[in-house]
Amino acid sequence: MKQIWIITKKELQSFFDSLIAYIMLIAFLGFSGFFTWLYGSDVFLRGQADLQVFFAIAYWTLFFFVPALTMKMLAEENKTGTIELLLTKAVSDWQVVVGKFLSCLLLVIIALVLSLPYYFTVWKLGPIDHSAVWCGYLGLILMSATYISIGIFTSSITSNQIVAFLLALFIGMFFHIIFDVMSNSFTGMTGEIFSYLSLSTHYESITRGVIDTKDLIYFLTVIFIGLLLSEISISKRNIAG
Amino acid sequence: MDILVESLSKKYGAQRAVDNISFQIKRGEIIGFLGPNGAGKTTTMKIITCFMAPTEGDVKIGDHSIRENPERVKQLIGYLPEHNPLYLDMPVIDYLKFVAQLQGVKKNMVEQRIREMVAKCGLNAEKHKKIGELSKGFRQRVGLAQAMIHNPEILILDEPTTGLDPNQIVEIRNLIRELGKEKTVILSTHILPEVEATCTRIMIINKGKIVADGSSATLRKQAQGQEILKVKIEDESDRNLIYASLRSIDTVSLVDFLSANENVFEVQSKPGLSSRRNIFEMCIKNKWVLTELSGIETRLEDIFRNLTMN
């Protein structure tokens, strides 16, 4: 556990050292703030004290930002060879993967915490459904965690960051919309399978304010599979060299 | 702590990079790994440091096996990989701290260990810079510092002196020798004089097999077999006369001119025999002045070439 935390801390530090963290925070808060308060169907236009727009925008901005965070995690280590230095320290492959996963997740959580003033401001403006807001945040965290684990996996299989980024978006796209679209065009069993696979189905069900164990299991499973595949991909060096 | 390598093999596809090698290294030894490119030196090091799993065989560090307890093994080893990969965007101090924490240095000791390493590796002026801003020599020092930060029992250095200037090379060699007194050191290099200068034992690897193992003196003896002497005689104008007399000594098998105008000869004795006394007595008999009589040692380069060129 201690080893994981050391890696998480180091990765988080390097996000802030390399400006990635600041760019991501400013862009995320800027985008979501702009649409929540100033443009389109913003809070004032709708006249409703809720964060619907914020969640809808965050759902997409995080989808694009997360692969940008994860793309360098292992791809750069593969490219520069630092992976060898890291893995010959007293850490297991699993600890490295989880440590990196947590550092990205923490950065996303920091971004979400910094968006809390939106929540408090809207709260001041009128009656707000608190449980819906907290569930919305939980949904965003779970969704980001899923894409982080996918992003770390794609980063682990290549030494090219752009490939890692695009591949993460490509795989993410299936969970984000394609499975959902498919579930609508099929009926019966097939449709249900696609609907179950679709991340948006589970995300929506959580943001509606109901935390169902079925949804939690779905997210945790996808996260776990992503991390497991990353670990397998790192330890592949033992076989192929 | 001892290192025990038991019938280790590593296959890349059909190619055997390391082919069933076994050896033991005792605490306090400094081992020089020699071998041509692609001989399996780096692969062996990567296996010992638990970066790669072997196809067959096992490595034991003390009582810990790389197969059963890799985390513990990694903690006992300080490793400087080939090409010295580092996080270029991290400041030196932060990087050393990160490694110290990962390697389980106690919290209250971290600062002290970093200070010691910075002083030992001469990084004081550069410690707040980012690693990417450092020159190659200083990066190499950072690589060494991170390998030694947790005071490991075993140091594995893959070409530790590449990119250093001659002064730094001497410093690093002294450092390695000093460390070698209480620790086990394995280093690989292409620079043969370096091995002679630092190592107590030399291991030559070729095509995944160990072809020679021993101190530089033992290796020489093995390679040489026969005594070779350099003889210089003054005050005699007839070179052929000297040549003939040398040839007539019954322990001598071969005589050769070494110089075009001086009376310098290379004299090879018959296997197992020495001609020193006979040459000396011959000179007395002929009243020649013998100004030089010294053994020519086989150079490590020659041994290396003989063993690895085939």
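The rules behind each value
Residues numbered from 1 in each chain as written. Chains lettered and ligands numbered in written order. Predicted model: local features only at pLDDT ≥ 70, side-chain atom pairs only at ≥ 80, totals over all residues. Heavy atoms only, no water. Patch = residues over 30% accessible without salt bridge, like charges linked within 9 Å, V, L, I, M, F, W, Y side chains within 5 Å. Areas by Shrake-Rupley, 256 points an atom, 1.4 Å probe, with all protein chains shown as cover. Salt bridge = Lys/Arg side-chain N within 4 Å of Asp/Glu carboxyl O. Lys, Arg positive; Asp, Glu negative; His and termini not counted. Charge placed at Lys NZ, Arg CZ, Asp CG, Glu CD. Helix = DSSP H or I, 4+ residues; strand = E, 2+ residues; numbered from the N terminus. Buried < 20%, exposed > 50% of the residue type's maximum accessible area, 1.4 Å probe, protein only. 1 Å grid on protein atoms, 1.4 Å probe; cavity = no way out; pocket = protein on both sides within 12 Å on 5 of 7 lines; lining within 4 Å. Points joined across faces, edges and corners; volume = space filled by probe spheres on them. Pairing = 2+ DSSP bridges. Axes fitted to C-alpha atoms, helices over the stretch in contact; angles between N-to-C directions. Contact = heavy atoms within 4.5 Å. Buried area = accessible area lost by both parts, 1.4 Å probe. Polar contact = N/O pair within 3.5 Å; in protein donor to acceptor, adjacent residues only side chain to side chain. Arc of directions from axis to C-beta. pLDDT = per-residue confidence, 0-100. Parallel < 35°, antiparallel > 145°, perpendicular 65-115°, else oblique. Nonpolar A, V, L, I, M, F, W, Y, C, P; charged D, E, K, R; others polar. Core = buried A, V, L, I, M, F, W, Y, C linked by side-chain atoms within 4.5 Å.

**Student:** Could you clarify how one ought to interpret a positive patch on the surface in this entry?
**Tutor:** A surface patch of positive charge is lined by A:Lys2, A:Lys9, B:Lys97 and B:Lys107. In this fold, A:Lys9 is placed in helix α1 (residues 2-17). For A:Lys9, a relative accessible area of 38% gives the class partly exposed.

**Student:** What should I look at first to understand empty space enclosed by the protein in this one?
**Tutor:** Left-over empty space is what a probe sized like a water molecule reveals as it rolls over the atoms. Within the structure shown, the criterion is met by one cavity of 30 Å³ or more. Its volume calculated, the largest cavity comes out at about 40 Å³. Lining of the largest cavity is provided by A:Leu85, A:Leu86, A:Lys89, B:Tyr87, B:Tyr95, B:Phe98, B:Val99 and B:Leu102. Elements supplying a minimum of two residues to the lining of the largest cavity: α5 (82-87) of chain A together with α3 (92-102) of chain B. It is α3(B) that contributes the most residues to the lining of the largest cavity, four residues altogether.

**Student:** How should the sheet that holds strand β14 (residues 289-295) of chain B be read in this particular structure?
**Tutor:** Hydrogen bonding along the main chain pairs the strands of a sheet, whether they run parallel or antiparallel. All names here are of chain B. The four strands are arranged β12-β13-β11-β14 in an open sheet whose pairing can be described as antiparallel. Since the sheet does not close on itself, it has two edges, and those belong to β12 (252-257) and β14, each with one partner. Taking the axes of each pair of neighbouring strands and ignoring which way they run, one obtains an average angle of 25° across the sheet. In this sheet, strand β13 (residues 264-269) lies alongside strand β11 (residues 228-234) in antiparallel orientation, the contact comprising five bridges. Across the sheet, residue Ile 228 finds its bridge partner in β13, namely Gln 268. Set on the sheet, helix α9 (residues 239-248) makes contact with β11, β12 and β13; between it and β12 the angle comes to about 160°.

**Student:** Teacher, can you tell me more about the interface of chain B and chain A here?
**Tutor:** Listed as interface residues are 27 residues of chain B and, on the opposing side, 26 residues of chain A. Between chain B and chain A lies a buried interface of about 2500 Å² when both sides are counted; carbon and sulfur atoms form 59% of it. Looking only at chain B, the three residues that lose the most surface to chain A are B:Phe51, B:Tyr87 and B:Leu102, adding up to 28% of its buried area. Counting across the interface, chain B meets chain A through one salt bridge. We note a salt bridge from A:Glu84 to B:Lys46, for which the minimum N-O separation is 4.0 Å. Scanning the region where chain B abuts chain A turns up seven residue pairs in polar contact (both at pLDDT 80 or more). The set of elements that each furnish at least two residues to the side of chain B that touches chain A consists of β1 (3-12), α2 (70-76) and α3 of chain B.

**Student:** Looking at this structure, I do not really get a nonpolar patch on the surface. What am I missing?
**Tutor:** Residues A:Phe224, A:Ile225, A:Leu228, A:Leu229 and A:Ile232 make up a contiguous nonpolar surface patch of roughly 420 Å² in combined accessible area. With respect to the element layout, A:Leu228 can be found in helix α12 (residues 213-235).

**Student:** Quick question: what am I supposed to make of the pairing of β12(B) here?
**Tutor:** Residue and element names in this part refer to chain B. Bridge count between β12 and β13: five bridges; the pairing is antiparallel. Residue Asp 256 lies in a different strand from β13, and its bridge partner there is Glu 266. Connecting β12 to the next strand, β13, in antiparallel fashion are six residues.

**Student:** Mind showing me how you'd approach helix α10 (residues 276-286) of chain B here?
**Tutor:** Each α-helix winds once per 3.6 residues, and so residues spaced three or four apart point in a common direction. All names here are of chain B. All of the buried residues in α10 are Ile 279, Met 282 and Cys 283. End-on, the buried residues of α10 take up no more than an arc of 100°, which puts them together on one face. Opposite the buried face of α10, by more than 90 degrees, sit the exposed residues Arg 277, Ile 284 and Lys 285. The secondary structure elements touched by the buried residues of α10 are β11, α9, β13 and β14.

**Student:** What is the right way to read the environment of B:Ala119 from this model?
**Tutor:** Counting through the fold element by element, B:Ala119 comes out in helix α4 (residues 107-120). Sequence separation of B:Ala119 and B:Ala145 is 26 residues, and the distance between their C-alpha atoms is 9.6 Å.

**Student:** Can you walk me through the confidence of the model for chain B in this structure?
**Tutor:** When the pLDDT values of chain B are averaged, the result is 85; 98% of them are 70 or greater. Per-element confidence in chain B is highest for α3(B), whose mean pLDDT is 93, and lowest for helix α8 (residues 216-224) of chain B, whose mean pLDDT is 74.

**Student:** Looking at this model, I keep getting lost on the packing of helix α5 (residues 136-148) of chain B against helix α6 (residues 166-180) of chain B. Mind explaining?
**Tutor:** The packing of two helices is summarised by the inter-axis angle and the distance between the axes. Residue and element names in this part refer to chain B. Where α5 meets α6, the axes come as close as 12 Å, and the angle between the chain directions of the two elements is 10°. Between α5 and α6, the crossing angle belongs to the class labelled roughly parallel. Seen from α5, the contacting residues are Gly 137, Arg 141, Leu 144 and Met 148; seen from α6, they are Gln 168, Glu 171, Ile 172, Leu 175 and Leu 179. For the contact of α5 with α6, the residue count by class is five nonpolar, two polar and two charged.

**Student:** Looking at this structure, I do not really get the environment of B:Leu254. What am I missing?
**Tutor:** Structurally, B:Leu254 can be placed in strand β12. With 44 residues separating them along the chain, B:Leu254 and B:Ile210 place their C-alpha atoms 32 Å apart.

**Student:** Quick question: what am I supposed to make of the nonpolar core here?
**Tutor:** Counting residues in hydrophobic clusters, the biggest one holds 143 residues, and the most contacted among them are B:Tyr95 and B:Phe98. Counting residues in each nonpolar core, the second largest holds 14 residues, with B:Leu229, B:Ile233, B:Ile242 and B:Ile279 among its members.

**Student:** Can you help me understand the sheet that holds strand β9 (residues 201-206) of chain B in this one?
**Tutor:** Residue and element names in this part refer to chain B. With respect to topology, six strands assemble into an open sheet ordered β6-β7-β8-β3-β9-β10, the strand pairing being mixed. The open sheet terminates on both sides in strands that have one partner only, identified here as β6 (77-80) and β10 (209-214). Across the sheet, the axes of successive neighbouring strands diverge by a mean angle of 15°, strand direction being ignored. Pairing of strand β3 (residues 30-34) with strand β8 (residues 184-188) involves four bridges; the strand directions are parallel. The residue of β8 that forms the bridge with Gly 32 is Leu 187.

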